[in-house]
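Close look at the chain arrangement
Here's the letter readout for the chains.
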Amino acid sequence: MVSLTSSENSLKQQIKSWLLENPQLNPYRFSFEKLYRKLTSRLRSLPDFIIIGAGRAGTTALYSYLIQHPSIVAASNYNKLGTAGTASADLHFFEYMTSNNVQWYKSHFPILFSKSNNHKNSLITGEFTTTYMHHPDVPQRIFNLLPKIKLIVVLRNPVDKAYSTYYQQFRFGEITTSFEDTIDAELRRINLNKDFPELNSNNPNFENFVAHNIIRHAIYADYLETWLEIFNREQILILNSDDLKQSTKETLHQVFNFLNVSNYDIADTSPVRPVGVLAKKYPSISKSTREKLIEFYKPHNQRLNKLLGTNFDWERTESVFSSHHT
Amino acid sequence: MNKNNSKIIWKDYNGKKKLFTIIPKPENQKNQYRNWNPFYSKLAAALFNGLEIFPLKPDSKIFYSDNSSNTTLNHLLDIIDSKGMIYLQKNNAAKIKNLKNVVIIDQEKNSTLFNHDRKETFDVIYLDMTISENLQTQILNHEMTLKNLGFLIIILNSIPKINDSSFRNQINDVITNSSSSLQFIQEINLSGFFKNCMMVILQKTE
């Protein structure tokens, strides 16, 4: 073994840092497709719609259904692996990127020369990032770049969403404790924040940590209030994940109508999961925990129904995602 | 930027968040900022990975046991002021001299910590340790020296596998131990900055 001198080490560190800061020139990450997309980014269109959430509510499936429509073109990073039934398209642009990287964002979308706002047969494109809904700065950032964007939100019974999120994060190794301990700990943190606000770490990206917001990410009213302050109600389509599962075609017609594209019956309505999520079953939530969470979410759900003018009845019913896949 | 009383400051640099503290300086001197590098400090890594409750305050009395580098110690010294104190337990603590607000505890005389006069001394206990069979005993010993509503921060190193059931059971045993008045607050996986490492935070509530 030849040991590196300190100057060689320092040079190595400098090259490493430079490559990290300039990923587009990093030979290990270089691809002709990315280069082509970057060079043609000025010709590319910005999205016409964004599915902003909620995670574990069927957003991946909805996106995979939508892009089967002949007028809807998928973002470039959408990757459907047919046999595994998994897909990925989250861009996370508005959470982490600054405005000078709009070209990077555009490079992910197709070149649509035939685009026209009022023509039913024109092509449209869109993306989905399920954590957009929770980030406090994202609504304003999206509005600044795309004031006329159409936003789609899929909402699932909060108790089932919380439980599904827990199992996903448990499998990822972000959580090691039981569901009950995890939610109790989060409730304690909510109370500590109320009683001792000076103890909060103020991490501006805290909302992005799914594992630490299992309960709070299902309090939809808190997040949608911010979105409705910035966007018109007509720009936001609210869907119930149970409807998407039970009456997929009717729900999709509703979405196509919202997106101003022609009605179309898609061929493949089989379940689609995000990449990295295995089709493993997990045990049902205990009755006492479910009741405790239903009580917790009750006032928040009432607030949501009032805010949106909807009638989500999540206090008695279970989600129709009965197979309990993570 | 700094909404609350916490002395940690988040700043945005080209879309990337960075974490700073102000290095205490004598009067009439310009403030200097210390960048918290999450690759060098597990406390910083926990903050970057979603630590929600940051219990370290300027007047905190902190018991700090860590045999790795002094980076986190410097961070703690930035946070506490003249009212705060750090009780340092470290292998090579003899090399650390002339630090204000630091009391060095001799590891061989460690038992003095658990004398009656030391009971309920600390606001925060910070332990950087490896997973071992007597993990629970160690935690319960330290619990005695923690004030009511005080926080116990444990960094667990060399975790065999984060999803390993035996490791998970050890954590659960600590959390659900009936003889303990410690309540589980948060666990943070430090992956991305430190391999096989996690932070667990507990609060004493009698």
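Residues numbered from 1 in each chain as written. Chains lettered and ligands numbered in written order. Predicted model: local features only at pLDDT ≥ 70, side-chain atom pairs only at ≥ 80, totals over all residues. Heavy atoms only, no water.

1. Some remarks on the overall build of chain A
Of regular secondary structure, chain A possesses 12 helices and 8 strands. When contacts within chain A are restricted to residue pairs at least 6 apart in sequence, those whose partners lie at least 24 apart make up 76%. Summed over its atoms, the accessible surface of chain A is roughly 15900 Å², and 53% of this surface lies on carbon and sulfur atoms. (Helix = DSSP H or I, 4+ residues; strand = E, 2+ residues; numbered from the N terminus. Contact = heavy atoms within 4.5 Å. Areas by Shrake-Rupley, 256 points an atom, 1.4 Å probe, with all protein chains shown as cover.)

2. Focus on the nonpolar core
Leu66(A), Leu155(A) and Trp227(A) are the most contacted members of the largest nonpolar core, which has 56 residues in total. Excluding residues within four positions of it along the chain, Trp227(A) makes contact with Ile52(A), Tyr132(A), Met133(A), Val138(A), Pro139(A), Ile142(A), Leu151(A) and Ile236(A). Core analysis: the second largest hydrophobic core is formed by 39 residues, Ala45(B), Leu88(B), Leu190(B) and Cys197(B) among them. (Core = buried A, V, L, I, M, F, W, Y, C linked by side-chain atoms within 4.5 Å. Buried < 20%, exposed > 50% of the residue type's maximum accessible area, 1.4 Å probe, protein only.)

3. Points about the pattern of salt bridges
All names here are of chain A. On inspection of all chains with the given rule, the structure shows 12 salt bridges over all chains. Across the salt bridge formed by Arg141 and Asp137, the nearest N and O atoms sit 3.5 Å from each other. A relative accessible area of 27% places Arg141 in the partly exposed class. Since its relative accessible area comes to 34%, Asp137 is described here as partly exposed. The partner of Asp160 in a salt bridge is Arg290, and the shortest N-O contact between them spans 2.6 Å. (Salt bridge = Lys/Arg side-chain N within 4 Å of Asp/Glu carboxyl O.)

4. Side note on helix H2 (residues 71-79) of chain B
Helical geometry note: an α-helix holds 3.6 residues per turn, so side chains three or four residues apart project in the same direction. In terms of burial, H2(B) is a largely internal element, 7 of the 9 residues being buried. Buried within H2(B) we find Thr72(B), Leu73(B), His75(B), Leu76(B), Leu77(B), Asp78(B) and Ile79(B).

5. Description of the sheet that holds strand E3 (residues 32-35) of chain B
Residue and element names in this part refer to chain B. Reading across from one edge, E1-E2-E3 is the order of the 3 strands in this open sheet, with antiparallel pairing throughout. Since the sheet does not close on itself, it has two edges, and those belong to strand E1 (9-13) and E3, each with one partner. Here the average twist between neighbouring strands, direction ignored, is 45°. Taken together, the 5 bridges between E1 and strand E2 (residues 16-23) define a ladder with antiparallel strand orientation. (Pairing = 2+ DSSP bridges. Axes fitted to C-alpha atoms, helices over the stretch in contact; angles between N-to-C directions.)

6. Structural notes on helix H11 (residues 248-258) of chain A
Residues and elements named next belong to chain A. Among all positions in H11, only Thr248, Thr251, Leu252, Val255, Phe256 and Phe258 are buried. Buried residues of H11, seen end-on, are gathered within an arc of 155° and therefore sit on one face of the element. For H11, the exposed residues set more than 90 degrees away from the buried face come down to Glu250 and Asn257. Check the buried side of H11 and you find it contacts helix H3 (59-66), strand E2 (72-73), strand E6 (150-155), strand E7 (236-240) and helix H10 (241-246). Backbone geometry just after H11 places Asn260 at a positive phi near 60°. (Arc of directions from axis to C-beta.)

7. With respect to the pairing of E2(B)
The side chains of a regular strand alternate, first on one face of the sheet and then on the other. In terms of strand pairing, E2(B) meets E3(B) through 4 bridges, oriented antiparallel. Paired with Thr21(B) across the bridge in E3(B) is Arg34(B).

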